[in-house]
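# Examination of the molecular architecture
Now for the letters of each chain:
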Amino acid sequence: MAVSGLFSLVLLSLTVVMALAAALLLGRRRARSLAFDESVYPGLRSLRRATIGWRVIGMVAGAVVAVGAVSFGHLRPYAFAAPLLAATAVVAAIVVGQRSVYKAARVRGSAGIEHRRLRDYLPAALTRWVACLLALLLTAVLFSTLAASPDDMGRAGRAVAASWTQGDGAAEGVFGSLRSPYPGSFYTLWVGIALVLLLVATGIGLGMTARRPRNGADPELVRVDDALRRITAEGIVAGLGVGVGGAAFAVLLVGGMDLVQLAPVPLVTAAGVVSLLGAVVALVGLIGAGVILLVPRDGGAR
Amino acid sequence: MTVSLRVDSADPTPPYEQLRRQLAGLIRTGTLASGTRLPTVRQLAQDLGLAPGTVMRTYRELEADGLVASRRVQGTVVTGTVGAVDQRLAVLAASFVEEAGRLGAGPAEIRAAVDVALSRG
């Protein structure tokens, strides 16, 4: 755990710090580009402020949660779940922000005949990409959980072991090797719990984004509100991507390194290489989602 | 085009009836075409700041009038039966008035001719 765990922690911290700086600079500039008459629409002003502000608050909370999760507990059982818990904090903050301005775009007694559907606000490409990352994480977790063994102290799901025959004739012998920590059930149980939490928070957040009431009879309000909904949905999906991509990266990287160094058995080495290649894919996804989370777009408003 | 709905809390007419009249008018004039999906009860109630039961009652009454139909998957949809009949009648009437005008008939004669046709059943 020491080297790879530290590496993941440093990488995560660096990513978070750089992302926060970029979010503060670029995000605020992009948000200001969403122009409208603030004196006519004070509710939209609050909505815009909450949409951007709570996203930044969420990222700060997520960084704190990630550091806490990585460093908490004997043998760091929550380390692999840290990205998921951090993302849950991000999404939860966005949900709190949306809740605080839930009726800001509503004008009591006035409505438009319109159908607001979640898919109108979801970023299609990012959503597909995050779905792929989720499939990657589930595959990685399933494989590593099934492949894990007890460690040298008998703790289930904390190591990976292999045995092989080497030599010839009278010099032939059976050798064994064990590497720990390995992302078996000791760690992936918490990954599963954190993933459920994150998916629930994501579902609540996206549902709220589509359902939030508004005066659909005012085209200018609809234009700005639609853009803010797209920014919110994008933030939630990007948060999910960071969590899922981060967890997949951690599981695949640590698991892959363990397998590559475990035994001179071609099948085991090949599994390790595939795992490391998966880690590269997860890292690309993590960085992509992280950049989108840090730098909100203008929501397509013109 | 954005079609708007308004409910005036100062109006003594109950909110469900205000809504029903507006929607019925929009359907009869063809502003809401046949097949148009109305917002969900929950969405419209939240947007207007009304109780869901109020919007539900409006939709029920529109359904009883044959103007909308509630479908399991699509939700509440404009059936447009009345609007379609009105539109067809308007086209026939315009054609009849135009033809009568060519014959040199005035408004009073045209109305009298329609009354005679109606009385014959």
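Residues numbered from 1 in each chain as written. Chains lettered and ligands numbered in written order. Predicted model: local features only at pLDDT ≥ 70, side-chain atom pairs only at ≥ 80, totals over all residues. Heavy atoms only, no water.

All right, on to helix H7 (residues 266–294) of chain A then. Helix length check: H7(A) (29 residues) gives 42 Å between terminal C-alpha atoms against 42 Å at 1.5 Å per residue, within 8%. Taken together, the buried positions of H7(A) are A:Val268, A:Gly272, A:Ser275, A:Gly278, A:Ala279, A:Ala282, A:Gly285, A:Leu286, A:Ala289, A:Gly290, A:Leu293 and A:Leu294. (Helix = DSSP H or I, 4+ residues; strand = E, 2+ residues; numbered from the N terminus. Expected span 1.5 Å × (residues − 1). Buried < 20%, exposed > 50% of the residue type's maximum accessible area, 1.4 Å probe, protein only.)

Contacts between the two partners involve 20 residues from chain B and, on the opposite side, 18 residues from chain A. For the pairing of chain B and chain A, the buried interface totals around 1,600 Å² over both sides, and the portion due to carbon and sulfur atoms is 48%. For the chain B face of the interface with chain A, the top three residues by lost area are B:Gln43, B:Gln46 and B:Asp47, together amounting to 34%. Across the chain B-chain A interface, the total number found is 1 salt bridge. Across the pair A:Arg116 and B:Asp47 runs a salt bridge, and its minimum N-O distance is 2.9 Å. Where chain B touches chain A, the interface holds 13 residue pairs in polar contact (both at pLDDT 80 or more). Elements represented by at least two residues in the side of chain B that touches chain A include exactly strand S1 (4–6), helix H1 (15–28) and helix H2 (41–48) of chain B. (Contact = heavy atoms within 4.5 Å. Buried area = accessible area lost by both parts, 1.4 Å probe. Salt bridge = Lys/Arg side-chain N within 4 Å of Asp/Glu carboxyl O. Polar contact = N/O pair within 3.5 Å; in protein donor to acceptor, adjacent residues only side chain to side chain.)

Let's shift gears to the UniProt feature "transmembrane region" (unreviewed entry) in chain A. All names here are of chain A. With numbering aligned to this structure, UniProt lists the feature "transmembrane region" (unreviewed entry) at residues 6–26, 52–72, 78–96, 126–148, 187–210, 231–255 and 267–295. Within residues 187–210, the helical portion is 100% and the strand portion 0%, while the C-alpha atoms at the span's ends are 35 Å from each other. The distance separating the terminal C-alpha atoms of residues 267–295 is 42 Å; by composition the span is 97% helix and 0% strand. (UniProt positions renumbered as here; feature names shortened; annotations may be inferred.)

Our focus in this paragraph is the pairing of strand S2 (residues 68–71) of chain B. Residues and elements named next belong to chain B. As paired strands, S2 and strand S3 (residues 75–78) are joined by 4 bridges and run antiparallel to one another. Residue pairing in the sheet places Ser70 in a bridge with Thr76 of S3. Hairpin connection between S2 and S3: a loop of 3 residues separates the two successive antiparallel strands. (Pairing = 2+ DSSP bridges.)

Attention shifts here to the side chain of A:Gln98. Residue and element names in this part refer to chain A. Take Gln98: it is sitting in helix H3 (residues 82–100). Judged by its relative accessible area of 2%, Gln98 falls in the buried class. The contacts of Gln98, once residues within four sequence positions are left out, are Thr51, Met208, Arg212 and Thr232.

Residue and element names in this part refer to chain B. Here Arg20 is to be found in helix H1. Among the polar contacts made by the side chain of Arg20, one reaches the side chain of Asp65 at a distance of 3.4 Å. Ignoring anything within four residues of it in the chain, the contact list for Arg20 reads Thr58, Glu61, Leu62 and Asp65.

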